[in-house]
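Architecture at a glance
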Amino acid sequence: MSQLTITTTQNVTINFTAASVGERLLGQVLDLLVIIAYSVVAGYVIDYSGLGNYISSMDYWSEMAVYIVIYLPVFFYTLIQESLWEGRTIGKRIMKIKVIKIDGYQAGFGDYLIRWLFRLIEVLPPLTVVGLIAIIFNGKNQRIGDMGAGTAVISLKNNININHTILQEVNEDYVPIYPLVIKLSDNDMRIIKETFEIAVKNRDYSTLIKLREKVIAVTGIKNQSGNDQDFIRTLLKDYNFYTQNM
């Protein structure tokens, strides 16, 4: 599998394994099966509930409007699921792959929207082949939509050393201070932890200050822990406390 090296805005280098073409295609096939299943169930409900007769009694435009509403989840399938599940659809979850920004941060709705818009184009021949070729020959295994959105699809099957994860030892009687920390994602916390550990090791106090200011700006948390090191350490423990006990 291709390795994907990402340098964050804090100049922290993170190595991911890019999802292979096979993994991405299998994920899409699984998503297609989900879409087909939804369509079959929706059609069955329409036919056997009597709703079909009611809809057919409407004028043409009203009938079209009802069907559009019913099948909207099919049309917006990837956009809705990737937005709700942080870069994953049902197929991606099964294949253990997800979408991230190439700067290492969690992708946002705008990024998923760009990928979705390009998908509408890429499914049409001959661009289907062009998209596949782009994934194969692009160094980051990106399709055209990924290039447009600045995203990549990574594999979550990596064997990661515990020192490179967000895990922190938290005692059972630990009392958290910052509930707003749950605004951050796992990927955010991994970047924060790695940046923090490098800064502490190098005694880079200016980076610690910037890291604390960035966290406060994003989450709205107010520092109640004293110095920057204590603040970040508490933040990491609080995140682990809330995510492990929710």
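Refer to the structure above for everything that follows.
Since the model is a prediction, treat every value here as computed from it, not as a measurement. (Residues numbered from 1 in each chain as written. Predicted model: local features only at pLDDT ≥ 70, side-chain atom pairs only at ≥ 80, totals over all residues. Heavy atoms only, no water.)

1. As for the packing of aromatic side chains
Where two aromatic rings form a pair, the distance of their centres and the angle of their planes describe that pair. Put simply, the rule reads: Here a pair means two rings of Phe, Tyr or Trp (six-membered ring of Trp) with centres within 6.5 Å. Their orientation is stacked below 30 degrees between planes, edge-to-face above 60, and tilted elsewhere. Lysine NZ or arginine CZ positioned within 6 Å of the ring centre and within 35 degrees of the ring normal marks a charge as sitting over the ring.
The final tally for this structure, using the stated rule, is six aromatic pairs. Aromatic ring contacts, followed pair by pair, group Phe-75, Phe-76 and Trp-116 into a single cluster. In this arrangement the basic side chain of Arg-93 is found over the ring face of Trp-85, its NZ or CZ atom lying 4.6 Å from the centre.

2. Structural notes on the pattern of salt bridges
Rules: Salt bridges are defined as contacts in which a side-chain nitrogen from Lys or Arg sits within 4 Å of a carboxyl oxygen from Asp or Glu. Every helix listed is a DSSP run of H or I at least four residues long, and every strand listed is a run of E at least two residues long, numbered separately from the N terminus. Categorising residues by exposure relies on relative accessible area from a 1.4 Å probe, with only protein chains included: less than 20% of the type maximum marks a residue as buried, more than 50% marks it as exposed, and the intermediate range marks it as partly exposed.
The tally for this structure, following the rule as stated, stands at eight salt bridges. Put simply, Asp-146 and Arg-24 hold a salt bridge, and the shortest N to O gap is 2.8 Å. One end of the pair, Asp-146, is in helix α9 (residues 144-149); the other, Arg-24, is in helix α1 (residues 21-48), and 122 residues separate them in sequence. The pair formed by Asp-146 and Arg-24 is uniform in burial state, with each residue classed as buried.

3. Regarding the packing of helix α10 (residues 186-201) against helix α11 (residues 205-219)
Inclusion rule: Helix axes use the C-alpha atoms of the stretch in contact, all axes being lines fitted to C-alpha atoms, and the angles between their N-to-C directions lie in the range 0 to 180 degrees. Convention used here: angles under 35 degrees read as roughly parallel, angles over 145 as roughly antiparallel, angles from 65 to 115 as roughly perpendicular, and any remaining angle as oblique. Note on convention: the crossing is left-handed when the near helix lies turned anticlockwise from the far helix by less than a right angle, right-handed when the turn is clockwise. Only heavy atoms matter for contacts: two residues are in contact if any of them lie within 4.5 Å across the pair. Classes in brief: Ala, Val, Leu, Ile, Met, Phe, Trp, Tyr, Cys and Pro nonpolar; Asp, Glu, Lys and Arg charged; the others, Gly included, polar.
Across the interface, α10 lies against α11 with an axial gap of 9 Å and an inter-helix angle of 155 degrees. It follows that α10 is roughly antiparallel to α11 by the angle criterion. As α10 packs across α11, the resulting crossing turns out to be left-handed. For the pair formed by α10 and α11, the contact residues are Ile-192, Thr-195, Phe-196, Ala-199 and Val-200 on the first element and Thr-207, Leu-208, Leu-211 and Val-215 on the second. Split by residue class, the contact of α10 with α11 holds seven nonpolar, two polar and no charged.

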